[in-house]
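# Structure at a glance
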Amino acid sequence: MFRYYILTLVLVALTVQSIQITCNDPEIRRCGNASILIDVGGNAVGAKAHLSCFSGYTLWGNDSIVCLDSGKWSQLNSYCIPDDIGDPNIQSFDGSLYFFNNITLRNYNQAKEYCTTICSTLIEINNQEEDQFLRETIKNLEFETAEVWIGIESVNGENFSWQSGNTTLTNMYDNWKEGDPPKGTCAFQSRLKTTWTATYSSCVAPLVFVCEFGNN
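Residues numbered from 1 in each chain as written. Predicted model: local features only at pLDDT ≥ 70, side-chain atom pairs only at ≥ 80, totals over all residues. Heavy atoms only, no water.

## Remarks on the overall build of the chain
As a reminder of what qualifies: Secondary structure elements are taken from DSSP: a helix is a run of H or I of four residues or more, a strand is a run of E of two residues or more, and numbering for both begins at the N terminus. Throughout, the radius of gyration refers to the C-alpha atoms, and the reference size of a globule is 2.2 Å times the residue count to the power 0.38. Buried means the residue's accessible area, taken with a 1.4 Å probe over protein chains only, is under 20% of the maximum for its type, while exposed means over 50%, and partly exposed covers the values in between. Contacts are assigned to residue pairs that have any heavy atoms within 4.5 Å of one another. Computed by Shrake-Rupley with a 1.4 Å probe, the accessible areas treat only the displayed protein chains as cover when residues are assessed. Positive charge is attributed to Lys and Arg, negative charge to Asp and Glu, and no charge count is given to His or to the chain ends. Charged side chains are reduced to one point each, which is NZ for Lys, CZ for Arg, CG for Asp and CD for Glu.
Helix and strand counts for the chain come out as three helices and 13 strands. What you see for the chain is a C-alpha radius of gyration of 23 Å, clearly larger than the 17 Å of a compact globule of 216 residues, by over 25%. Considering only C-alpha atoms, the chain reaches an extent of 85 × 40 × 30 Å along its principal axes. For the chain, the residues scored as buried account for 42% of the 216 residues in total. Residue pairs at least 24 apart in sequence account for 59% of intrachain contacts in the chain once pairs closer than 6 positions are excluded. Entry remark: accessible area of the chain is about 12,300 Å², with carbon and sulfur atoms responsible for 50%. For the chain, the centre of its 13 positive side-chain charges and the centre of its 24 negative side-chain charges are spaced 4 Å apart.

## Observations regarding the UniProt feature "domain: Sushi" (unreviewed entry) in the chain
Note the following rule: UniProt positions are given in the numbering used here, feature names are shortened, and annotations may be inferred rather than shown by experiment.
Under the feature "domain: Sushi" (unreviewed entry), the UniProt entry names residues 21–82. This span, residues 21–82, is 0% helix and 35% strand, and a straight line between its end C-alpha atoms measures 37 Å.

## Quick word on the nonpolar core
Filter applied, for reference: The criterion is simple. A nonpolar core is a set of buried Ala, Val, Leu, Ile, Met, Phe, Trp, Tyr and Cys residues joined through side-chain atoms within 4.5 Å.
Of all hydrophobic cores here, the largest spans 23 residues; its most connected members are F99, W149 and F209. Elements supplying a minimum of two residues to this core: β5 (78–82), β7 (96–106), α2 (108–117), β11 (186–190) and β13 (207–213). In this structure, F100, F160, W176 and W196 belong to the second largest nonpolar core, which totals 21 residues.

## A few points about the side chain of D131
The condition is simple: Polar contacts, as counted here, are pairs of nitrogen or oxygen atoms within 3.5 Å of one another; within protein the pair requires one atom able to donate a hydrogen and one able to accept it, and residues that are adjacent in sequence qualify only if both atoms are side-chain atoms.
Positionally, D131 belongs in helix α3 (residues 128–140). The exposure class of D131 is buried, given its relative accessible area of 0%. Among the polar contacts listed, one links the side chain of D131 to the side chain of W196, at a separation of 3.2 Å. The residues touching D131, leaving out its near neighbours within four places in the chain, are I125, Y173, N175, Q189 and W196.

## Some words on unusual backbone geometry
The phi dihedral of C119 falls on the positive side, at around 65°, and the residue is not glycine. Residue placement: C119 occurs in the loop between α2 and β8 (121–122). The phi torsion at M172 lies on the positive side, around 55°, for a residue other than glycine. With respect to the secondary-structure elements, M172 resides in the loop between β10 (160–162) and β11.

## Concerning the sheet that holds strand β4 (residues 64–66)
Formally: Here the rule is simple: two strands pair whenever DSSP picks up at least two bridges between them. Here, axes are lines fitted to C-alpha atoms. For helices the fit covers the stretch in contact, and angles between N-to-C directions go from 0 to 180 degrees.
Overall, antiparallel pairing links the three strands, which are arranged β1-β2-β4 in an open sheet. Edge positions in the sheet fall to β1 (37–40) and β4, since each has one partner strand and no second. Ignoring which end each strand starts from, the neighbouring axes of this sheet average 25° apart.

## Quick notes on the state of the cysteines
In a disulfide, the sulfur atoms of two cysteines are held together by a covalent bond. Stated precisely, the cut-off is as follows: Here, the term disulfide refers to a pair of cysteine sulfur atoms separated by no more than 2.5 Å.
Taken as a whole and assessed by the stated rule, the structure comprises five disulfides. Paired through a disulfide, C31 and C119 show a sulfur-sulfur distance of 1.6 Å. In this structure, the disulfide formed by C31 and C119 twists by about 110° around the S-S bond and is classed as right-handed. Of this pair, C31 sits in the loop between α1 (2–18) and β1 while C119 sits in the loop between α2 and β8; the two residues are 88 residues apart in sequence, bridging distant segments of the chain. Here C31 matches C119 in class, with each residue buried. When the bonded cysteines of the chain are numbered from the N-terminus onward, they pair as 1-4, 2-7, 3-5, 6-10, 8-9.

## Quick notes on the pattern of salt bridges
What counts here: Within this document, salt bridges are pairs made up of a side-chain nitrogen of Lys or Arg and a carboxyl oxygen of Asp or Glu, the two lying within 4 Å of each other.
For the coordinates displayed, the defined rule picks out three salt bridges. Between E153 and K112 there is a salt bridge, and its shortest N-O distance comes to 2.9 Å. Highlighted residues: E153 in strand β9 (residues 147–154) and K112 in helix α2, separated in sequence by 41 residues. Measuring nitrogen to oxygen at the nearest pair gives 3.7 Å for the salt bridge that ties D131 to R135. Taken together, the residues D131 and R135, both in helix α3 and four residues apart, mark about one turn of the helix.

So, in structure tokens, the structure goes:
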């Protein structure tokens, strides 16, 4: 019986050794020219995949991901930022990266489209801390306009949602002026105010905007 147990343990050990954990090829985040390029050096645990960008873009974030013991790759927290915007103002907060674009002012739809093309969204404000981060940042930076576009919009002028599909109800947070229900199709935050402003006519105005990476 004792020999039987030893033989069983040996067989189990050999079986475990023969099972090699590997990672599937990592998923590629596709955003046209802003897509991340991934050079996979192997699929075994500990193998690295190196990240890069197309010409004309610079990589922000980690430059590689690793195959983990779980058989999954480590988090890909990197993005390709266009070189034609000069020295980008990118800041981090609570796990997300924020790109404050003061180089080219755009109307609401143009700003939304621009963020989408670089694998991001117009900023989604989910809580008071993030709202305060935005207000303090736009106060400290010398922007060309006092207002910045935020990514909340409405198709009927009353019910607002973010690009992710979240709403102020599902997020349980909003910052509209108290006692003044929002009316409009888009919204902005101003360094001159502490609340969001919804608007109809101003959606075509060229403003500074903030793209958020890690929320899409």
